[in-house]
Protein chains: 2
Amino acid sequence: MNKVLTSGLEDYLEVISNYLKKYNKVRAIDIAKELNVSRASVSEALKRLADKNLINYGRYGAISITGEGEKAAAAIIEKHTLLQKFFKDILGLEEQESAENACKIEHVISENVLERLNQFVKFNEKNPEFLKNFHNYMK
Amino acid sequence: MNKVLTSGLEDYLEVISNYLKKYNKVRAIDIAKELNVSRASVSEALKRLADKNLINYGRYGAISITGEGEKAAAAIIEKHTLLQKFFKDILGLEEQESAENACKIEHVISENVLERLNQFVKFNEKNPEFLKNFHNYMK
DNA sequence: ACAAAATGTTAGGTTTGCCTTACATTATAA
DNA sequence: TTATAATGTAAGGCAAACCTAACATTTTGT
């Protein structure tokens, strides 16, 4: 059983984790709507995630996330959050566009880039002068 | 015939365009080596690219790129170049890591993010003081 | 409580992209 | 120039993701 997650499975896991945090439960149809896929596709993805021990679920059972699954989800969500922040706060893009790009890039960005980006964002928070100038320059 | 390129086909097209610019010719095996895939996979990809009128080629014929293909390739390469520059010059990452990340992100980033990133890089070139401080801060 | 609606699963397909193996063609070098 | 090496293609397979349609189960509303 291969533990490496495809972009697709990462998306499923991310949605599951976020949904559970918000509502304490998640159904296949919620995931289907969130990801714009069919219920059947969700069923298949859940099987694959369960195979990898990232979620627990059985026929018609409630979906829960395992410790391992939560760890994997947290890593993805961390990437997402940072990227979205970068696009919105540094580049000054809209919420929606920032989120969409974060959603795609989170699956392919390396740890080193992530870390540097993190430092970059932090440095800008400590030294806001430059960013102010950049945002003025763009107007 | 669908004109939208998958990440995979974008990679093939990019390699073809770059190779043609450098050497004025490109063979299936060059592409195979560059992308770490089999010659057979390249054969298939070339068929798909030709179907979409992005390249010209026939059985055992030389591969050339169409105007449309060159336009598509240029768009991808532009993204690649800018992203790589950002990772290397702004975030201060190594050449190799910058290239690898650019290679993946170029397929998913939106036009707006690209444009903003471009402005951001340009602004930094005009105002190098901030970046100097950031790079010092990271040491 | 039970029919209707909602949700979940299965079966059977499709497409993309990759592979290996075997064969076809072209290039090369003795 | 011709055998060998290099390269290109075709055939047949596989896996990931997606789909629709049909069926199973659960939930809901009266």
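As the structure is a computational prediction, the values presented were derived from the model and not from experiment.

Rules used throughout
Residues numbered from 1 in each chain as written. Chains lettered and ligands numbered in written order. Predicted model: local features only at pLDDT ≥ 70, side-chain atom pairs only at ≥ 80, totals over all residues. Heavy atoms only, no water. Helix = DSSP H or I, 4+ residues; strand = E, 2+ residues; numbered from the N terminus. Buried < 20%, exposed > 50% of the residue type's maximum accessible area, 1.4 Å probe, protein only. Contact = heavy atoms within 4.5 Å. Lys, Arg positive; Asp, Glu negative; His and termini not counted. Charge placed at Lys NZ, Arg CZ, Asp CG, Glu CD. Phe/Tyr/Trp six-rings, centres within 6.5 Å; stacked < 30°, edge-to-face > 60°. Axes fitted to C-alpha atoms, helices over the stretch in contact; angles between N-to-C directions. Parallel < 35°, antiparallel > 145°, perpendicular 65-115°, else oblique. Nonpolar A, V, L, I, M, F, W, Y, C, P; charged D, E, K, R; others polar. Least-squares fit on C-alpha atoms with pLDDT ≥ 70 in both. Domains from an automatic or database assignment. Buried area = accessible area lost by both parts, 1.4 Å probe. Salt bridge = Lys/Arg side-chain N within 4 Å of Asp/Glu carboxyl O. Polar contact = N/O pair within 3.5 Å; in protein donor to acceptor, adjacent residues only side chain to side chain.

Quick look at the overall build of chain A now. Helix and strand counts for chain A come out as seven helices and two strands. Counting from the amino terminus, helix and strand elements in chain A follow one another as α-α-α-β-β-α-α-α-α. In terms of its C-alpha atoms, chain A occupies a principal-axis envelope of roughly 55 × 25 × 25 Å. Taking all 139 residues of chain A together, 42% fall into the buried category. Across chain A, contacts joining residues at least 24 apart in sequence account for 57% of those joining residues at least 6 apart. Averaging the coordinates of the 21 positive side-chain charges in chain A and doing the same for the 20 negative ones gives two points 4 Å apart.

Enumeration according to the criterion identifies 21 aromatic pairs over all chains in this entry. Considering the side-chain rings of Tyr 19 of chain A and Tyr 23 of chain A, the 5.0 Å spacing of their centres and the 50 degrees angle between planes classify their relative orientation as tilted. Here the residue Tyr 19 of chain A and the residue Tyr 23 of chain A both occupy positions in helix H1 (residues 7-23), the gap between them amounting to four residues, near one helical turn. Exposure remark for Tyr 19 of chain A: the relative accessible area of 18% places this residue in the buried category. Plain terms: the ring middles of Phe 120 of chain A and Phe 134 of chain B are 4.9 Å apart, the flat faces sit at 80 degrees to each other, and that makes the pair edge-to-face. Note that Phe 120 of chain A is positioned in helix H6 (residues 111-126) and Phe 134 of chain B in helix H7 (residues 128-138), a pairing that runs across two chains. The same class applies to Phe 120 of chain A and to Phe 134 of chain B, which are both buried.

Okay, helix H2 (residues 28-35) of chain A next. Looking at H2 of chain A, one finds that the buried residues are Asp 30, Ile 31 and Ala 32 of chain A. Turning to H2 of chain A, the residues buried within the fold contact H1 and helix H3 (39-51) of chain A.

Residue and element names in this part refer to chain B. Between helix H1 (residues 7-23) and helix H4 (residues 67-90), the least distance of the axes is 9 Å, while the angle of their chain directions is 95 degrees. Taken together, the axis directions place H1 and H4 in an arrangement best described as roughly perpendicular. Here Glu 10, Leu 13, Glu 14, Ser 17, Asn 18 and Lys 21 of H1 come into contact with H4, specifically with Gly 69, Glu 70, Ala 72, Ala 73, Ile 76, Ile 77 and His 80. By residue class, the composition of the contact of H1 with H4 is five nonpolar, four polar and four charged.

Of the transformation placing chain B onto chain A, the axial shift is 0.0 Å and the rotation is 179 degrees, giving an RMSD of 0.1 Å. Accordingly, the operation relating the two chain copies is best matched by a two-fold axis. When each C-alpha of chain B is compared by its distance to the rotation axis, Ile 105 of chain B comes out closest, at 3.0 Å. Both copies contact each other with a shared surface, as 100% of the interface residues of chain B are interface residues in chain A too.

The subject of this paragraph is the domain arrangement of chain A. Residue and element names in this part refer to chain A. Taken domain by domain, chain A comprises domain 1 (7-65) and domain 2 (78-138). For domain 1 and domain 2, the distance between their C-alpha centroids amounts to 28 Å. Note on domain 1 versus domain 2: buried area summed over both sides is about 310 Å², and carbon and sulfur give 33% of it. For the interface between domain 1 and domain 2, the tally reads zero salt bridges. Inspection of the domain 1/domain 2 interface yields three residue pairs in polar contact (both at pLDDT 80 or more).

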